[in-house]
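Observations on chain architecture
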Amino acid sequence: MSKKNIVCFLLILLLCFIPVQEAHAGNLSLFSSLEWNQEQTNFSKNPQNFSQEIQNRLNSTRDSIGQLALLISHPWGTYDYTRPIFVAPRDGGGIIFEVDIHWHRNLNSRNHVTRIAWEIVNNKHYKASVIWDDSAFSPIHEEEVNDFFRQLLPN
């Protein structure tokens, strides 16, 4: 085994034992429960207002959302920024929000992008998942990414 392979193996082994900080939405929510209940009537009358309002709120908190989502999916990454949130209709109804998180690792100078699609159907969280990632290390804790986005909307 070459020295390079031994160093890589030891580095990977070391990374397995470093504790990972847990991320959750905590106080981060797009709507309060009261506000959400009041807005449901307005949203049912005009679904386009619903997607626009969520997009506006996501964009106003996109750095916080991006930092927490990165902490879940790539806990050893260093957050750079989150691009403005893109919204599109979802096949079969509902809407999809795409969150592009730019980040890097301190091991090299290469920048990475992780794209998360958050799907909402009938004004409720449907699912969130990593749909694209250009890192050599696959994203981890994908179910937690889904749970994080679920917490952004009141039940």
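This write-up is about the structure you can find in this document. (Residues numbered from 1 in each chain as written. Predicted model: local features only at pLDDT ≥ 70, side-chain atom pairs only at ≥ 80, totals over all residues. Heavy atoms only, no water.)

**Things to note about the environment of arginine 57**
Applicable threshold: Starting at the N terminus, helices and strands are each numbered in turn, a helix being any DSSP run of H or I of at least four residues and a strand any DSSP run of E of at least two. Relative accessibility decides the category of a residue: with a 1.4 Å probe and only protein chains considered, values under 20% of the type maximum give buried, values over 50% give exposed, and everything between is partly exposed. Any two residues having at least one pair of non-hydrogen atoms within 4.5 Å are treated as being in contact.
Within the secondary structure, arginine 57 sits in helix H3 (residues 47-60). We classify arginine 57 as buried; its relative accessible area is 18%. In contact with arginine 57, not counting residues within four places along its chain, are Leu30, Phe31 and Glu35.

**Section: the nonpolar core**
Our working definition: Put simply, a nonpolar core is a bunch of buried Ala, Val, Leu, Ile, Met, Phe, Trp, Tyr and Cys residues held in one set by side-chain atoms that sit within 4.5 Å of each other.
In terms of nonpolar packing, the biggest core is built from 29 residues, with Ile54, Leu58, Ile116, Trp118 and Phe149 touching the most fellow members. Ignoring sequence-local partners within four residues, the contact set of tryptophan 118 consists of Leu30, Ile54, Leu58, Ile95, Ile96, Phe97, His125, Lys127, Ala128, Phe149, Leu152 and Leu153.

**What about helix H2 (residues 33-45)?**
Note the threshold: The span you would expect from a helix comes to 1.5 Å times its residue count less one. Bend, in this description, refers to the angle at a residue between axes fitted to the seven residues ending there and the seven starting there.
Its 13 residues place the ends of H2 19 Å apart at the C-alpha level, agreeing with the 18 Å of an ideal helix rising 1.5 Å per residue. Its axis deflected by about 35° at glutamate 39, H2 carries its strongest bend there.

**Quick notes on the packing of aromatic side chains**
Condition: Think of it this way: a Phe, Tyr or Trp ring, Trp meaning its six-membered ring, pairs with another when their centres are within 6.5 Å, and the plane angle makes it stacked under 30 degrees, edge-to-face over 60, tilted otherwise.
Inspection of every chain in the model, using the stated rule, returns 5 aromatic pairs. Where phenylalanine 97 meets tryptophan 118, the ring centres are 6.0 Å apart and the plane angle is 45°; that geometry is what we call tilted. Highlighted residues: phenylalanine 97 in strand S3 (residues 95-104) and tryptophan 118 in strand S4 (residues 111-121), separated in sequence by 21 residues. Neither phenylalanine 97 nor tryptophan 118 differs from the other in exposure class; each is buried.

**Describing the packing of helix H4 (residues 62-73) against helix H5 (residues 142-150)**
The criterion, for reference: Whenever a helix is involved, its axis is fitted only over the stretch in contact; in every case the axis is a line through C-alpha atoms, and angles between N-to-C directions fall within 0 to 180 degrees. An angle below 35 degrees is treated as roughly parallel, one above 145 as roughly antiparallel, one from 65 to 115 as roughly perpendicular, and anything else as oblique. By the definition used in this description, the sense in which the near helix is turned from the far one sets the handedness, with an anticlockwise turn below a right angle giving left-handed and a clockwise turn giving right-handed.
Contact geometry of H4 with H5 gives a least axis separation of 9 Å together with a crossing angle of 155°. Comparing their axes, H5 and H4 come out roughly antiparallel. Between H4 and H5 lies a crossing whose hand is right-handed. Between H4, through Ile65, Leu68, Ala69, Ile72 and Ser73, and H5, the contact on the second element is made entirely by Glu144, Val145, Phe148 and Phe149.

**Some points on the environment of serine 135**
This is how it is decided: For this analysis, a polar contact is any N or O atom pair within 3.5 Å, provided that within protein one partner can donate a hydrogen and the other can accept it, and provided that sequence-adjacent residues contribute only side-chain to side-chain pairs.
Here serine 135 lies in the loop between strand S5 (124-133) and H5. Between the C-alpha atoms of serine 135 and tryptophan 103, which are 32 residues apart in sequence, the distance is 9.7 Å. Sequence-distant contacts of serine 135, that is, excluding residues within four places in its chain, are made with His74, Trp103, Arg105, Arg110 and His112. A polar contact of 3.1 Å, which involves the side chain of serine 135, links it to the backbone nitrogen of phenylalanine 137.

**A word on the side chain of glutamine 55**
With respect to the helices and strands, glutamine 55 occurs in helix H3. Ignoring anything within four residues of it in the chain, the contact list for glutamine 55 reads Ile85, Phe86, Val87 and Phe97.

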